[in-house]
Amino acid sequence: MADPRDPIVRLDGISKRFGKTTALHELHLSIAPGEFVTFLGPSGCGKSTTLRLLGGFEKTDSGRILLEGKDVTALPPNKRNVNMVFQDYAIFPHMTVAQNMAFGLELKGLDRAAIDRRLNEIMSFLELEPFAGRYASQLSGGQRQRVALARALAPDPALLLLDEPLGALDAKLRGQVQIELKAIQRQTHKTFFFVTHDQDEALTMSDRIVVMNAGRVEQDGTPEELYFRPATRFVAEFIGETNLIDGTVRGIDRDRSEVVMDWRGIELRGQAPAGVPAAGQDVTASLRLERLSFHEGRPDTPNAVRGRIVNRTFLGSRMAVDLQVEDVSGARLRAFTDHDTTSRVGDAPVWIGWDSASLAVLTS
Amino acid sequence: MTRNSRVFLSIVFWAFVVYLFVPLALMILMGFKDSKFIGFPIQSWTLDWYLGVFEDTDVIGTFFYSLAIAVASTAISVVMGTWLAVLLTGRRFLGRGAVYALMILPALVPGIISAIAFRIYARQLGIEPGMGAIIWAHAVHNVPFVTLVVMARLSTQPKSYAEAARDLGADPLVTFVRVTLPYLKPAIIGASVFCLLLSFDDFVRSFFLGSYQPTLPVLIFSKLRSGMSPEINAISTIALVLTAVLGIWAERSSRRMNKEN
């Protein structure tokens, strides 16, 4: 018997090319049982290719795919203990909801009684009983999504693949379904492999996010790590909104494990989560908009600059402001703040501070 | 659209309707005339010609002979045509264009030419004229219609349906039988009815490849040669009603099925 902490999935340097383009470049990855892993990236980054390779719909050019310790690289989709929620849900139109859900169970060779038992279980869990006799054409988008999920969960797969399953839903429903999906994943203890280009979806639901770009992994970590300590410029820009500060490394403060950098004459202190740069090197640092605080006098944060609000945008729950940094021509910062602070500060010069942990020095 | 052009179009339309239906109406009308001579005026009406048709064992036998040919050739065409459609819609292979062109060809060759060709070929192979030869010729002629209709339907099926079936544990055969075939059902029903009608209606191939037993169109033709009679009108009217009912039913049911999906 396998150790329960053994990975459910291990990708051993898998590569995939389509003609001349490399869709996936030697991907190594392990997924632990019960993890909610999201592959996040723009279209063409290789996230969907990874999903289709896991499902068995594409063949790898090199590398191995291990599922529950067994090599499934050469197995067709019907021989893999993996099920998928398709982007368009792919609910068979000539079958009722119950027939759709029974399809995978019948092919597993279960007898009628076992199938009915499992159907009742999954339908009551996902509150689908009222729709059992309906066809896909008689369901709303949200209901279809749920049926597709139920159908994929019914055969009890080792790994559930989800191919942008919320893309077809309207914005309001999407938020609700995100919470629901996360709850379902927790209750079923299933391993979810979720693919999306939507950073909000990724941040809300995932235990772990793998950001992909041009067939390679940019960064692999928890949502918090990716958000606050992005490793690369790509990740910093792709997830959330950020200030990118270009400067030169002055030196490394070993005691506090801080990078000291020069930003057009101003000294800034940041942290380098993904590798310490050398002195004299040109670097870019990422500073999240909500990490900036406003002060009347010089704050005692390691980083402090004086500036003036030149533009404000009302966003409802908060304000976005653009700041012109004094003594540095053309240097601007963008910050989130509340409505009261903005009106109190007005057009007068103000001190802006942030701690060194908020300034992530990027590797590229 | 201006008022004038609308008036013009409706005149053209009604002229077309008259052009299309007046001959049919005349034919139907003459079947009820109580006289052997076809033409106006109709002095008295009768159903005797129709009763005659139902008592004529020759006509009844021929009707079922034609029906059997239509059903058998349709069955072959549908299987062949669907298989070709799946082959041509699936993954690319060397010579796909050639297969497509060859598949279309039987529908384009003029009937008389293909009939003569079939006749010569059948003799070379030692195939006797008769039911088998006619079924063979009809099946070959009808395959392209099935393939084209099924291909059109197949191209509208999202790729994810077959993938979802495979994902849930179906091998390619089960996927085809349980997911793809039901999706193609409306197209297959429509194509079947079309093939039945084409075969039932065919004269040239049946004439060249038939034996002493004629098909219905051949029987009507031979009856015509011995002189026009309202009995022919009655037979034709019955055939017209049957084919029209079948055609309209097929059209309506395939439209309904399309709407459901």
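Remember, it's a predicted structure, so these values are computed and weren't measured experimentally.

Let us now look at the overall build of chain A. When its secondary structure is counted, chain A shows 9 helices and 20 strands. Taking the principal axes of its C-alpha atoms as reference, chain A extends roughly 75 × 45 × 40 Å. Within chain A, the fraction of its 364 residues that count as buried is 52%. Of the contacts formed within chain A by residues at least 6 apart in sequence, a portion of 65% connects residues at least 24 apart. Accessible area for chain A stands at about 16400 Å²; split by element, carbon and sulfur atoms hold 47% of it. Side-chain charges in chain A split into 44 positive and 48 negative, and the spacing between the mean points of these groups amounts to 4 Å.

A word on the layout of surface pockets. Residue and element names in this part refer to chain B. A volume near 1000 Å³ is recorded for the largest pocket. Along the wall of the largest pocket there are 27 residues; nearest its centre are Arg91, Lys159, Ala162, Glu163 and Arg166. Among the elements of the structure, helix H3 (57-89), helix H7 (159-167) and helix H8 (172-201) are those that each provide at least two residues to the lining of the largest pocket.

A word on the domain arrangement of chain A. Residue and element names in this part refer to chain A. As far as domains go, chain A holds domain 1 (9-233) and domain 2 (241-361). Facing the 7 residues of domain 1 at the interface are 11 residues of domain 2. For the pair domain 1 and domain 2, the summed buried surface comes to about 800 Å²; carbon and sulfur atoms form 54% of the total. The tally of links from domain 1 across to domain 2 stands at 1 salt bridge. The salt bridge partner of Arg233 is Asp246, with a shortest N-O separation of 3.8 Å. Between domain 1 and domain 2 we count 3 residue pairs in polar contact (both at pLDDT 80 or more) in total. The residue inventory of the side of domain 1 that touches domain 2, partitioned by class, reads 5 nonpolar, no polar and 2 charged.

What follows concerns the UniProt feature "domain: ABC transporter" (unreviewed entry) in chain A. Per the UniProt annotation, the sites labelled "domain: ABC transporter" (unreviewed entry) are residues 9-239 of chain A. Helix makes up 36% of residues 9-239 of chain A and strand 26%, with an end-to-end C-alpha separation of 26 Å.

Moving on to helix H1 (residues 3-30) of chain B. With 28 residues, H1 of chain B should cover 40 Å at 1.5 Å per step; its first-to-last C-alpha distance of 40 Å lies within 8% of that length. A maximum bend of about 35° is found in H1 of chain B at Phe21 of chain B, where proline Pro23 of chain B lies one to four positions downstream.

Between chain B and chain A, the residue contacts involve 20 residues of the former and 23 residues of the latter. A per-residue breakdown of the area chain B buries against chain A is headed by Asp167, Leu168 and Arg178 of chain B, which together make up 37% of the total. Here Arg52 of chain A ties to Glu163 of chain B by a salt bridge, and the two come within 2.6 Å at their closest N and O atoms. At the level of secondary structure, the elements contributing two or more residues to the side of chain B that touches chain A comprise H7 and H8 of chain B. Examining the composition of the side of chain B that touches chain A, we find that 8 residues originate from one element, H7 of chain B, more than from any other.

Residue and element names in this part refer to chain B. Applying the stated criterion across every chain yields a total of 19 aromatic pairs over all chains. With centroids separated by 6.0 Å and ring planes inclined at 85°, the aromatic side chains of Phe207 and Phe221 adopt a geometry described as edge-to-face. Remark: Phe221 occurs in helix H10 (residues 216-225) and Phe207 occurs in helix H9 (residues 204-209); sequence separation between them is 14 residues. The partly exposed category is assigned to Phe207, whose relative accessible area is 41%. On the basis of relative accessibility, which here comes to 33%, the residue Phe221 falls in the partly exposed class. An aromatic cluster of three or more residues is present, and its members are Phe203, Phe207, Phe208 and Phe221.

Glancing now at the confidence of the model for chain B. With 98% of its residues at a pLDDT of 70 or more, chain B shows a mean pLDDT of 88. H7 of chain B holds the highest mean pLDDT among the elements of chain B, 94, whereas helix H2 (residues 48-55) of chain B holds the lowest, 82.

Strands belonging to one sheet form pairs held by backbone hydrogen bonds; the direction of such a pair is parallel or antiparallel. Residue and element names in this part refer to chain A. An order of S13-S12-S11-S14-S20 is seen for the 5 strands of this open sheet, with the pairing classed as antiparallel. Either end of the sheet is taken by a strand with one partner, and the two such strands are strand S13 (266-270) and strand S20 (359-361). Here the average twist between neighbouring strands, direction ignored, is 45°. In terms of strand pairing, strand S12 (residues 258-263) meets S13 through 5 bridges, oriented antiparallel. Each residue of the ladder has a partner; that of Val259, found in S13, is Gly270.

Residue and element names in this part refer to chain A. Packing of helix H4 (residues 141-153) against helix H5 (residues 171-188) leaves a shortest axis separation of 12 Å and a crossing angle of 20°. Classed by the angle they form, the pair H4 and H5 counts as roughly parallel. Relative to H5, the crossing made by H4 is right-handed. Residue-level inspection shows Gly142, Gln145, Arg146, Leu149 and Leu153 of H4 in contact with H5, the latter providing Leu173, Val177, Glu180, Leu181 and Ile184. Grouping the constituent residues of the contact of H4 with H5 by class yields 6 nonpolar, 2 polar and 2 charged.

Residue and element names in this part refer to chain B. Summarising the element assignment, Thr147 is placed in helix H6 (residues 131-154). You can call Thr147 buried: its relative accessible area is 0%. Sequence spacing of Thr147 and Leu51 is 96 residues, and the spatial spacing of their C-alpha atoms is 41 Å. Once you skip the residues sitting within four places of it in the chain, Thr147 turns out to touch Gly81, Leu84, Ala85, Leu88 and Met103. A distance of 3.2 Å separates the side chain of Thr147 from the backbone oxygen of Gly81, its partner in a polar contact.

Parameters and conventions
Residues numbered from 1 in each chain as written. Chains lettered and ligands numbered in written order. Predicted model: local features only at pLDDT ≥ 70, side-chain atom pairs only at ≥ 80, totals over all residues. Heavy atoms only, no water. Helix = DSSP H or I, 4+ residues; strand = E, 2+ residues; numbered from the N terminus. Buried < 20%, exposed > 50% of the residue type's maximum accessible area, 1.4 Å probe, protein only. Contact = heavy atoms within 4.5 Å. Areas by Shrake-Rupley, 256 points an atom, 1.4 Å probe, with all protein chains shown as cover. Lys, Arg positive; Asp, Glu negative; His and termini not counted. Charge placed at Lys NZ, Arg CZ, Asp CG, Glu CD. 1 Å grid on protein atoms, 1.4 Å probe; cavity = no way out; pocket = protein on both sides within 12 Å on 5 of 7 lines; lining within 4 Å. Points joined across faces, edges and corners; volume = space filled by probe spheres on them. Domains from an automatic or database assignment. Buried area = accessible area lost by both parts, 1.4 Å probe. Salt bridge = Lys/Arg side-chain N within 4 Å of Asp/Glu carboxyl O. Polar contact = N/O pair within 3.5 Å; in protein donor to acceptor, adjacent residues only side chain to side chain. Nonpolar A, V, L, I, M, F, W, Y, C, P; charged D, E, K, R; others polar. UniProt positions renumbered as here; feature names shortened; annotations may be inferred. Expected span 1.5 Å × (residues − 1). Bend = angle between axes of the 7 residues up to and from the residue. Phe/Tyr/Trp six-rings, centres within 6.5 Å; stacked < 30°, edge-to-face > 60°. pLDDT = per-residue confidence, 0-100. Pairing = 2+ DSSP bridges. Axes fitted to C-alpha atoms, helices over the stretch in contact; angles between N-to-C directions. Parallel < 35°, antiparallel > 145°, perpendicular 65-115°, else oblique. Left-handed = near helix turned anticlockwise from the far one by under 90°.

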